[in-house]
Amino acid sequence: MTGKIITISRQFGSGGRSVGKLVAEKLGINCYDSAIIDKIAKESGFSEEYIKNQSEDAVEAGWFAALAGRNYYGQSNQDLIWIAQCKVIEDLAKVGDCVIVGRCADYILKGKNDLLRVFIYADNDSRAKRIVEQYGETEENPYKRLKEKDRKRSAYYEIYTDQRFGDPSNYDICLNSGTVGIDMCADFIADMYRLQYQK
């Protein structure tokens, strides 16, 4: 048995995580976001802190170097985390209907589940305002922070999926939270889900 899944991919600062949580509340289903890290840690044997440092937002020059330092089976630590991440997400999808935020879930579950793949984005001004007001990120220029996070998240996604992050052809719905708003994005996604799966 597999669940009917909504995956939320998102630009940093677009409010995609908030959208995902609201959608789950509206539909009465589970939402998995940062809690997945704990499950990946248990599956992989790596600490939560280490996994956070090797996450979708943490690609650095050293990360690429680490990919070259593979074990006897040709796997790096990042590869082992990816394998654990795939298993965790596939297992969650078997449990029941849910929303999964980030972690390349749109790619991992592609063709395996009843799947509604969503991408949330926004203009730079809206995202910059959000990371300052909502996330409290004030230590550096917010636009510089956005550029850095976009670069890292895109690199991580593209390394493991061989797809371009944010490419509309990879998703069923792309929504601009900067103009539509968080609440309306959630309403639209929930309505689409009901139309597809709750007839």
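Quick notes on the rules
- Residues numbered from 1 in each chain as written.
- Predicted model: local features only at pLDDT ≥ 70, side-chain atom pairs only at ≥ 80, totals over all residues.
- Heavy atoms only, no water.
- Helix = DSSP H or I, 4+ residues; strand = E, 2+ residues; numbered from the N terminus.
- Buried < 20%, exposed > 50% of the residue type's maximum accessible area, 1.4 Å probe, protein only.
- Contact = heavy atoms within 4.5 Å.
- Areas by Shrake-Rupley, 256 points an atom, 1.4 Å probe, with all protein chains shown as cover.
- Pairing = 2+ DSSP bridges.
- Axes fitted to C-alpha atoms, helices over the stretch in contact; angles between N-to-C directions.
- Core = buried A, V, L, I, M, F, W, Y, C linked by side-chain atoms within 4.5 Å.

Student: Describe the overall build of the protein chain, with residues and values.
Tutor: When helices and strands are counted, the protein chain shows 10 helices and 5 strands. Counting across all 199 residues of the protein chain, residues that qualify as buried make up 50%. Long-range contacts, defined here as pairs at least 24 residues apart, represent 72% of the contacts in the protein chain between residues at least 6 apart. Within the structure as shown, the protein chain displays about 9900 Å² of accessible surface, and the carbon and sulfur contribution to it stands at 47%.

Student: Describe the environment of Leu116, listing the residues and the values that go with them.
Tutor: Following the sequence through the fold, Leu116 ends up in strand β4 (residues 114–121). Each C-alpha atom of the pair Leu116 and Ile189 lies 8.7 Å from the other, and the pair is 73 residues apart in sequence.

Student: Quick rundown of the sheet that holds β4? Include the residues and the values.
Tutor: Spatially, the 5 strands line up as an open sheet ordered β2-β3-β1-β4-β5, and their pairing is parallel. Only two strands of the sheet have a single partner each, and these edge strands are β2 (30–32) and β5 (173–176). For this sheet, the mean inter-axis angle between neighbouring strands, taken without regard to orientation, is 20°. Relative to β5, β4 runs parallel, the two being bridged by 4 bridges. Residue pairing for β5: Tyr121 is matched across the bridge by Asn176.

Student: Could you give me a rundown of the nonpolar core, with the residues and numbers involved?
Tutor: With 29 residues, the main nonpolar core has Ile100 and Leu109 as its most contacted residues. Contributions of two or more residues to this core are made by α2 (35–44), α5 (77–95), β3 (98–101), α6 (105–108), β4 and α8 (142–161). The biggest single contributor to this core is α5, with 8 residues. Discounting chain neighbours no more than four positions away, the residues touching Ile100 are Ile5, Ile6, Thr7, Ile8, Tyr32, Ile36, Ile89, Ala105 and Leu109. One finds Ile8, Ala24, Ile120 and Leu175 within the second-largest nonpolar core, a separate group that totals 21 residues.

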